[in-house]
Amino acid sequence: MAARNPGTELELGWISKVYVNQPAVVRHAEQIQKWRTVKGNWQAAWLLKAVTCIDLTTLSGDDTPSNVHRMCFKAKHPIREDLLKAMDMHDKGITVAAVCVYPARVADAVNSLKAAGCNIPVASVAAGFPSGQTPLETKLAEIKLAVQYGAREIDIVISRSLVLSGQWESLYEEIRQCREACGEAHMKTILATGELGSLANVYKASMIAMMAGSDFIKTSTGKEVENATLPVGVVMMRAIKEFYWQTGNKVGFKPAGGIRTAKEAITWLMLVKDELGVEWLKPELFRLGASSLLEDIEKQIFHHVTGSYALQHDLAMA
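Residues numbered from 1 in each chain as written. Predicted model: local features only at pLDDT ≥ 70, side-chain atom pairs only at ≥ 80, totals over all residues. Heavy atoms only, no water.

**Side note on the layout of surface pockets**
Line of reasoning, step 1. Roughly 590 Å³ of internal volume is contained in the largest pocket.
Line of reasoning, step 2. Lining the largest pocket are 30 residues, with Thr-57, Thr-58, Ala-290, Ser-291 and Ser-292 sitting closest to its centre.
Line of reasoning, step 3. Listed by contribution, the elements that provide at least two residues to the lining of the largest pocket are strand E1 (54–57), helix H3 (65–76), strand E8 (288–290) and helix H12 (293–306).
Line of reasoning, step 4. In terms of residue count, H3 provides more of the lining of the largest pocket than any other element does, four residues in total.
Line of reasoning, step 5. Of the residues that constitute the lining of the largest pocket, the class distribution is ten nonpolar, 13 polar and seven charged.
Line of reasoning, step 6. Its boundaries defined by the atoms lining it, the second largest pocket holds a volume of some 250 Å³.
Line of reasoning, step 7. If you trace the second largest pocket, you find it lined by Ala-29, Gln-33, Ala-228, Thr-229, Leu-230, Pro-231, Gly-258, Ile-259, Lys-263, Glu-264, Thr-267 and Trp-268.
Line of reasoning, step 8. Put simply, the parts of the chain that give the lining of the second largest pocket at least two residues each are helix H1 (22–33), helix H10 (230–247) and helix H11 (262–275).
Line of reasoning, step 9. Per-element accounting of the lining of the second largest pocket gives the leading share, four residues, to H11. (1 Å grid on protein atoms, 1.4 Å probe; cavity = no way out; pocket = protein on both sides within 12 Å on 5 of 7 lines; lining within 4 Å. Points joined across faces, edges and corners; volume = space filled by probe spheres on them. Helix = DSSP H or I, 4+ residues; strand = E, 2+ residues; numbered from the N terminus. Nonpolar A, V, L, I, M, F, W, Y, C, P; charged D, E, K, R; others polar.)

**With respect to the UniProt feature "active site" (unreviewed entry) in the chain**
Line of reasoning, step 1. The positions that UniProt labels "active site" (unreviewed entry) are, in the present scheme, Lys-218 and Lys-254. Spatial clustering of the annotated residues is evident: they stretch over 37 residues in sequence, but the largest pairwise C-alpha distance comes to 4.5 Å. As for the annotated residues named above, the ones lining the largest pocket are Lys-218 and Lys-254.
Line of reasoning, step 2. Locating Lys-218 in the fold gives a position in strand E6 (residues 216–218).
Line of reasoning, step 3. Among residues more than four places away in sequence, those in contact with Lys-218 are Asp-155, Thr-189, Ile-190, Leu-191, Ala-192, Met-236, Lys-254 and Ala-256.
Line of reasoning, step 4. Turning to its location among the elements, Lys-254 is positioned in strand E7 (residues 252–254). (UniProt positions renumbered as here; feature names shortened; annotations may be inferred. Contact = heavy atoms within 4.5 Å.)

Below, the structure is given as structure tokens:
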């Protein structure tokens, strides 16, 4: 992770007169989707970059120690070794950025990664994930437990009701207390943008989260009807840019939910490069929250290397 975001005092003046030109944002997002797709070695390079930014995730009610262990093995070996050797990338230490689980599975993930001999951090969702409809005391206790179990990153979720009712002071204070509960663990704040009502609210919630000390702002839980969309991404990245201009503090960005294809991953990488610059194209400042994305990326790399499409048994660990 990058240096911690210390946050700022609550500055409501930064959000009091926010106006988002929604048609312009939507048009910009549509243009992004029409950008020419990279091919060949360039595509492979972008895809390997995407792999290093993935928070490999399992957030299912039927998660068990065995499937968490399997995911952790895949986190250390995201692309088949022979494919990496064919691209002369086998000795570059390519792994995913983190693994993300529920608090109850944090210890399983920590132990599996330790046994595998790698230092990939474990991220835990917390604070009443995914709804946020949990008393603050319970949220803070859950965060502290996840850290105690070994989580080095905490993905909290905000109370959407505070945004929808314009209670910005209460939202700031809640996120600030969550930040304190995280201790040394880095905090990603999930805005659940599909439930915030407007792009203006997305911008305001982004700014409040960063003022309160969030190290990352994240689009979605992956459980909403609408998850990571490009218009929302544009608005959140403009907020990150404004916060950086105002404070000099860099805050990371994490789109999550519904990102399933290699093409979508490259589009997000290109958008980050266009909006925030190359310095944000690293796992310290950019993450992709995904559970099935890695499978498609490995299929595309298999095709790049071999010229044929992978059969099911070719990528057994995908």
